[in-house]
Amino acid sequence: MARRVWTEVEEQMLLTNVTNLVDERVWEGNGNGWHPGYLAVLQNQMQASLPQAGIEQNHIATNIKAWKREYSYLASMLDCYGFEWNANENRLVVEDEVWNDYV
């Protein structure tokens, strides 16, 4: 099976829909992740917003897993000396020398 490539619009729509689910607090699993069925809800929301995209539950689950992995990378970098978060630009800031040492 080919890997699905998300467009910027699809990513933003998924982020908006996940944020809405978090705000509703209906699908939270009391610290244990999400209640069963949340992927179906997200799929329905994505289908309503972007009907031609063909986004399925496995696509959503894979993308959320990738987000979690990327977040853990950022979080571990921010725990290191010299890494900062620029909230105005929503990006990581680090001097070249610190980055080279990290890599």
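Right above here is the structure, for reference.
Small disclaimer: the values here were computed from a predicted structure and weren't measured.

Draft legend 1. Geometry of the side chain of Glu-10. Position of Glu-10 relative to the elements: it lies in helix H1 (residues 8-24). Relative accessible area serves as the criterion here: at 8%, Glu-10 is assigned to the buried category. Apart from the residues within four sequence positions on either side, Glu-10 is in contact with Arg-4, Val-5, Met-46, Leu-50, Ala-53 and Ile-55.

Draft legend 2. How the structure looks around the packing of H1 against helix H3 (residues 57-78). Between H1 and H3, the shortest axis-to-axis distance is 12 Å and the interhelical angle comes to 85 degrees. Here H1 is positioned roughly perpendicular relative to H3, judged by the angle of their axes. When H1 is examined against H3, the residues Glu-11, Leu-14, Leu-15 and Val-18 are found in contact with a partner set consisting of Ile-60, Asn-63, Ile-64 and Trp-67.

The rules behind these values
- Residues numbered from 1 in each chain as written.
- Predicted model: local features only at pLDDT ≥ 70, side-chain atom pairs only at ≥ 80, totals over all residues.
- Heavy atoms only, no water.
- Helix = DSSP H or I, 4+ residues; strand = E, 2+ residues; numbered from the N terminus.
- Buried < 20%, exposed > 50% of the residue type's maximum accessible area, 1.4 Å probe, protein only.
- Contact = heavy atoms within 4.5 Å.
- Axes fitted to C-alpha atoms, helices over the stretch in contact; angles between N-to-C directions.
- Parallel < 35°, antiparallel > 145°, perpendicular 65-115°, else oblique.

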